[in-house]
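For reference, the chains in residue letters:
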Amino acid sequence: MPAPSSPAVVCIPARNEAERLPRLLRALAAQEGFSAAAPLKVVIVSNNCTDGTVEAVRALEGSGALDTLALRLIEATFAPSEAHVGTARRRALDAGAEWLESEGAPDGVLLTTDADARLAPGWVAANLRALENAEIVGGRLVIDEEDGADPALAAFHARVERYWTAVRALEVALDPPPHDPAPRHGDHTGGSLALRASLYRAVGGLPALPRGEDNALVAAVQRAGGRLRHCPSVSVLVSARTAGRAEGGMATEMLRRARVVREGEAYRLPVAAHWQRIILRRAALRRAYREGAAPAALHALGLDADDLAAIDLAACPNDIAFVERAHARLDARDGPAPECGLDEALAALENLAAALGRAQAA
């Protein structure tokens, strides 16, 4: 396979991942298009590790198993208030951007994933291809049942996935994004993100939040007008473990689902009408922008003078930026979404999508 057209750096935060991080590094060393002569750049930020993570990486590097990687390992000791994934991921991405800039490649690509992820050999190449028609790319998260799947839990995962697939079907019916066509997934987390270093700098970098730092970066790119692509060819296997490293991360969700299956805990999600209202509102905002965004039309959509000043319509480069800025203002006033049980929510979403499909076909 030919070498990638854009220089790239994979940026990884790691905290006590002596067991799983070597597996990820082997997967990165096997990425298509890279070799000992043209290695893949990788930055790891060891975040307050106490389990031998650094030693495990050094041992693997010394074995020659990572000869197709150019590896930079940063050992960081953060204060307790900052010893979280947001600080570590930002440090890794900043270091990756500095690396590209020092080599005269400010438009090179930054990729980030998690230390416990598993990647296919084409992960980097698929991200680079997707970035040809987008500013930021999110990879699909696939739950990795390392110790064998619990059939009941696997079935529950599938029902949750059906719910979010139905939400995306509603988007396609009511406000389809031309830059993110179906088939697409809905994930854009730190498990798999890619964007150019110059854009990363332009939006101020990744917010160093204790949770949600990945979504905050994506939102910043969209507020700047960036196209978000959920490319079906980009995916990553994410751990199903219930004891994770990031507070409020994937492990928290896996523990919640386990309780639902094993203990009967309620699992509630936003009702179908919530998504219909949000998608229709976003479609109306997009239409208003494209038609000239007259103040009266924007007021009718719920945007007051303070909102319009904060949105800065004149500075919006496209409808993506306007919709994201406007939606953030309106969403902050909405309050919590009404919820119901998963089965009820799923049935209502699928019925609504089917009805819309019949109406469009008529």
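The shown structure was predicted, so the numbers you read here are calculated from the model rather than taken from an experiment. (Residues numbered from 1 in each chain as written. Predicted model: local features only at pLDDT ≥ 70, side-chain atom pairs only at ≥ 80, totals over all residues. Heavy atoms only, no water.)

Please set out the overall build of the protein chain residue by residue, giving values where relevant.
If you tally the helices and strands in the protein chain, you get 13 helices and 11 strands. In terms of overall dimensions, the protein chain has C-alpha extents of about 65 × 50 × 45 Å along its principal axes. For the protein chain, the accessible area works out to roughly 16,200 Å², and carbon and sulfur atoms hold 52% of it. Each charge sign in the protein chain was given a centre, from 40 positive and 47 negative side chains, and these centres are 2 Å apart. (Helix = DSSP H or I, 4+ residues; strand = E, 2+ residues; numbered from the N terminus. Areas by Shrake-Rupley, 256 points an atom, 1.4 Å probe, with all protein chains shown as cover. Lys, Arg positive; Asp, Glu negative; His and termini not counted. Charge placed at Lys NZ, Arg CZ, Asp CG, Glu CD.)

Tell me what's going on with the packing of aromatic side chains, and back it up with residues and numbers.
If you walk through the whole model with that rule in mind, you get four aromatic pairs. The interplanar angle of 90° and the centroid separation of 5.0 Å between the aromatic rings of Phe-156 and Tyr-267 together place this pair among those described as edge-to-face. Here Tyr-267 lies in the loop between α8 (250-263) and β10 (268-270) and Phe-156 lies in helix α5 (residues 151-174), a separation of 111 residues in the sequence. Like Phe-156, the residue Tyr-267 is buried in the burial classification. Through pairs of rings, three or more aromatic residues link up here, namely Tyr-163, Trp-164 and Trp-275. Positioned over the ring face of Trp-99 is Arg-72, at 3.8 Å from the centre of the ring. Arg-256 extends its terminal NZ or CZ atom over the ring of Tyr-267, reaching a point 3.8 Å from the ring centre. (Phe/Tyr/Trp six-rings, centres within 6.5 Å; stacked < 30°, edge-to-face > 60°. Buried < 20%, exposed > 50% of the residue type's maximum accessible area, 1.4 Å probe, protein only. Lys NZ or Arg CZ within 6 Å of the ring centre and 35° of its normal.)

Describe the pattern of salt bridges, and please don't skip the residues or the numbers.
This structure, assessed with the given rule, holds 25 salt bridges. The closest approach of N and O atoms between Asp-150 and Arg-262, which form a salt bridge, is 3.8 Å. Remark: Arg-262 occurs in helix α8 and Asp-150 occurs in the loop between β6 (140-144) and α5; sequence separation between them is 112 residues. A salt bridge links Arg-259 to Glu-265; the nearest nitrogen and oxygen atoms lie 2.6 Å apart. Through salt bridges that share partners, Glu-171, Asp-180, Arg-184 and Arg-229 make up one connected network. (Salt bridge = Lys/Arg side-chain N within 4 Å of Asp/Glu carboxyl O.)

Can you explain the sheet that holds strand β2 (residues 40-47)? Please cite residues and give values.
Pairing is mixed across the open sheet formed by seven strands, whose spatial order is β3-β2-β1-β4-β7-β5-β8. Taken across any chain shown, the strands that pair with only one partner, and hence form the sheet edges, are β3 (69-76) and β8 (228-229). Here strand β1 (residues 8-14) pairs with strand β4 (residues 109-112) via four bridges, running parallel. Each bridged residue has a counterpart across the sheet, and for Val-9 the counterpart in β4 is Leu-110. (Pairing = 2+ DSSP bridges.)

Which residues make up the nonpolar core, and what values do they have?
Among the nonpolar cores identified, the biggest contains 40 residues, and Val-10, Ile-12, Leu-21, Leu-25, Leu-28, Val-42 and Ile-44 are the most heavily contacted of them. Elements with a contribution of two residues or more to this core: β1, α1 (21-29), β2, α2 (53-62), β3, β4, α4 (123-130) and β9 (235-239). Looking at which element gives the most residues to this core, the answer is α1, with six residues. Not counting residues within four places of it along the chain, the set of residues in contact with Leu-25 comprises Val-42, Ile-44, Val-57, Leu-60, Leu-66 and Leu-69. Among the nonpolar cores identified, the runner-up in size contains 28 residues, and Val-45, Ala-88, Ala-97 and Ala-197 belong to it. (Core = buried A, V, L, I, M, F, W, Y, C linked by side-chain atoms within 4.5 Å. Contact = heavy atoms within 4.5 Å.)

Describe the packing of α1 against α2, and please don't skip the residues or the numbers.
Direction vectors running N to C along α1 and α2 enclose 35°, while the axes themselves pass 9 Å from each other. Note on packing geometry: the crossing formed by α1 with α2 is right-handed. Here Leu-21, Pro-22, Leu-25 and Arg-26 of α1 come into contact with α2, specifically with Thr-53, Ala-56, Val-57 and Leu-60. Taken together, the residues that form the contact of α1 with α2 break down as six nonpolar, one polar and one charged. (Axes fitted to C-alpha atoms, helices over the stretch in contact; angles between N-to-C directions. Left-handed = near helix turned anticlockwise from the far one by under 90°. Nonpolar A, V, L, I, M, F, W, Y, C, P; charged D, E, K, R; others polar.)

Tell me about the pairing of β1, and please be specific about residues and values.
Counted residue by residue, β1 has seven buried out of seven residues, so it is predominantly covered. Residue alternation in β1 divides its side chains into two sets, Ala-8, Val-10, Ile-12 and Ala-14 and Val-9, Cys-11 and Pro-13, and both sets are buried. Direction of pairing for β1 relative to β2: parallel, over a ladder of six bridges. Within β2, the position partnered with Ala-14 by the bridge is Ser-46. Note that the unit made of β1, α1 and β2 has a crossover that is right-handed. (Right-handed = clockwise from strand over helix to strand, strands pointing away.)

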